Amino acid sequence: MIAAVTFDFWETLVHDTPENLARGRELRLAATARILAAAGMEQPMAAIEAAYERAGAEMQARFWGVHRDAPIGEQVRLFLDCIASGLADRLSPDVVAAVVEGYASPVLHLPPVLSAGAAEAVRRLAGRGVRLGIVSNTGRTPGVVLRRVLEGHGLLAHFSAISYSDEVGVRKPDAKIFELTLGRLGVAAGRALHVGDNPRDDVLGAKGCGMSAAHYAANGASPSPDADVVVADLAELPRALGVAQA
């Protein structure tokens, strides 16, 4: 019997659109330009745009590409220093904090929508005593903000353990992020299942630490041959796990 289920966040519990992603980038850059100008450190928008791309490449090389991550404050300081060398140290802590807030928060203005059956699956599993967690990589949006997204959808209270990569310093498919979450849930890997859309990060990552894995193969995605369970709608998950409706 499965005692715990962990979920990926992006493109599993929620999904976003290319339009939202593009608009989120615009909001980040505009907020940064506005805050720097107000602090007497005005920068050309072209320099801010180029720094945004360069900072992303640096994050990929230093962290994301080797399954590691950094806190949002460190990520933003890197971004500021890509705009102008040493810029982060020339700004007051209050100004840096304001940039962090503007950088981290666009998703609150452009909230992703719940995936099909997500709320039903979470509530049914929780209602039958299954312990729930989240194991998710983050990018430009930190876990502290993603918690607010879950709260807005009325789901946050159902999760007993949440591991976002920017908070724990490790990214899927590294086994450590799964093991940390299982420790917080108090459930052995053999009695837990992870569900996510990515065959490598979610399916192989979870199985690499001894968990079972469910592949969320929505919108015609090819099912992972390594998954123990495959669902196209998260509402199918409780029944696939043998969790009866209350």
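Definitions and cut-offs
- Residues numbered from 1 in each chain as written.
- Predicted model: local features only at pLDDT ≥ 70, side-chain atom pairs only at ≥ 80, totals over all residues.
- Heavy atoms only, no water.
- Helix = DSSP H or I, 4+ residues; strand = E, 2+ residues; numbered from the N terminus.
- Rg over C-alpha atoms; globule rule 2.2 N^0.38 Å.
- Contact = heavy atoms within 4.5 Å.
- Areas by Shrake-Rupley, 256 points an atom, 1.4 Å probe, with all protein chains shown as cover.
- Lys, Arg positive; Asp, Glu negative; His and termini not counted.
- Charge placed at Lys NZ, Arg CZ, Asp CG, Glu CD.
- Phe/Tyr/Trp six-rings, centres within 6.5 Å; stacked < 30°, edge-to-face > 60°.
- Buried < 20%, exposed > 50% of the residue type's maximum accessible area, 1.4 Å probe, protein only.
- Core = buried A, V, L, I, M, F, W, Y, C linked by side-chain atoms within 4.5 Å.
- Pairing = 2+ DSSP bridges.
- Axes fitted to C-alpha atoms, helices over the stretch in contact; angles between N-to-C directions.
- Polar contact = N/O pair within 3.5 Å; in protein donor to acceptor, adjacent residues only side chain to side chain.

**Digging into the overall build of the chain**
Inference 1: When you go through the chain residue by residue, the secondary structure sums to twelve helices and eight strands.
Inference 2: Compactness check: the chain gives a C-alpha radius of gyration of 19 Å against a globular reference of 18 Å for 246 residues, within 12% of the reference.
Inference 3: On the principal axes, the C-alpha backbone points of the chain span a range of 60 × 30 × 30 Å.
Inference 4: Within the chain, counting contacts between residues at least 6 apart in sequence, those at least 24 apart form 67% of the total.
Inference 5: Of the roughly 10700 Å² of accessible surface on the chain, 52% is carried by carbon and sulfur atoms.
Inference 6: Treating the 24 positive side-chain charges of the chain as one cloud and the 28 negative ones as another, the clouds have centres 4 Å apart.

**Re the packing of aromatic side chains**
Inference 1: Within this structure, the stated rule accounts for six aromatic pairs.
Inference 2: Taking the centre distance of 6.2 Å and the plane angle of 90° together, the rings of Phe7 and Phe159 count as edge-to-face. Taken together, the residues Phe7 in strand E1 (residues 4-7) and Phe159 in the loop between helix H8 (143-152) and strand E5 (161-164) connect sequence positions 152 residues apart.
Inference 3: Of the residues examined, Phe159 reaches a relative accessible area of 9% and is grouped as buried.
Inference 4: Judged by centre distance (6.2 Å) and plane angle (55°), the ring pair of Tyr52 and Tyr103 falls under tilted.

**Section: the nonpolar core**
Inference 1: Membership of the largest hydrophobic core comes to 64 residues, with the highest contact counts inside it found for Val5, Phe7, Phe9, Leu13, Leu80 and Phe159.
Inference 2: The contact partners of Leu13, leaving out residues within four places of it in the chain, are Phe7, Asp8, Val113, Leu114, Ser115, Ala118, Val122, Ile134, Leu150 and Phe159.
Inference 3: Counting 18 residues, the second-largest nonpolar core is a separate cluster that includes Leu182, Leu185, Val187 and Ala189.

**Quick word on the sheet that holds E5**
The strands making up a sheet associate through backbone hydrogen bonding, with each pair oriented either parallel or antiparallel.
Inference 1: Taken in spatial order, the six strands make up an open sheet running E5-E4-E1-E6-E7-E8, and their pairing is parallel. Looking along the sheet, the strands with just one partner apiece sit at the ends: E5 and strand E8 (229-231). Within the sheet, the average angular offset between the axes of one strand and its neighbour, ignoring direction, is 20°.
Inference 2: Lying on the sheet, H8 is in contact with strand E4 (131-136) and E5; it crosses E5 at an angle near 135°.

**Quick look at the pairing of strand E6 (residues 192-196)**
Inference 1: By the criterion of burial, E6 is predominantly enclosed, with five of the five residues buried.
Inference 2: Residues Ala192, His194 and Gly196 point to one face of E6 and Leu193 and Val195 to the other, with burial holding for every one of them.
Inference 3: Where E6 lies against strand E7 (residues 212-216), four bridges are found, and the strand directions are parallel. Bridge pairing in E7 places Leu193 opposite Ser212.

**Thoughts on the side chain of Asp69**
Inference 1: With respect to the helices and strands, the residue Asp69 is situated in the loop between helix H2 (45-62) and helix H3 (72-83).
Inference 2: Polar side-chain contacts of Asp69 include one of 3.1 Å to the side chain of Trp64.
Inference 3: Once you skip the residues sitting within four places of it in the chain, Asp69 turns out to touch Met59, Phe63, Trp64, Thr138, Ser165, Asp166, Gly169, Val170 and Arg171.

**A word on the environment of Gln43**
Inference 1: By secondary structure assignment, the location of Gln43 is in the loop between helix H1 (18-38) and H2.
Inference 2: Sequence spacing of Gln43 and Ile83 is 40 residues, and the spatial spacing of their C-alpha atoms is 7.9 Å.
Inference 3: Look past the residues within four positions of Gln43 in its chain and what remains in contact with it is Leu36, Ile48 and Ile83.

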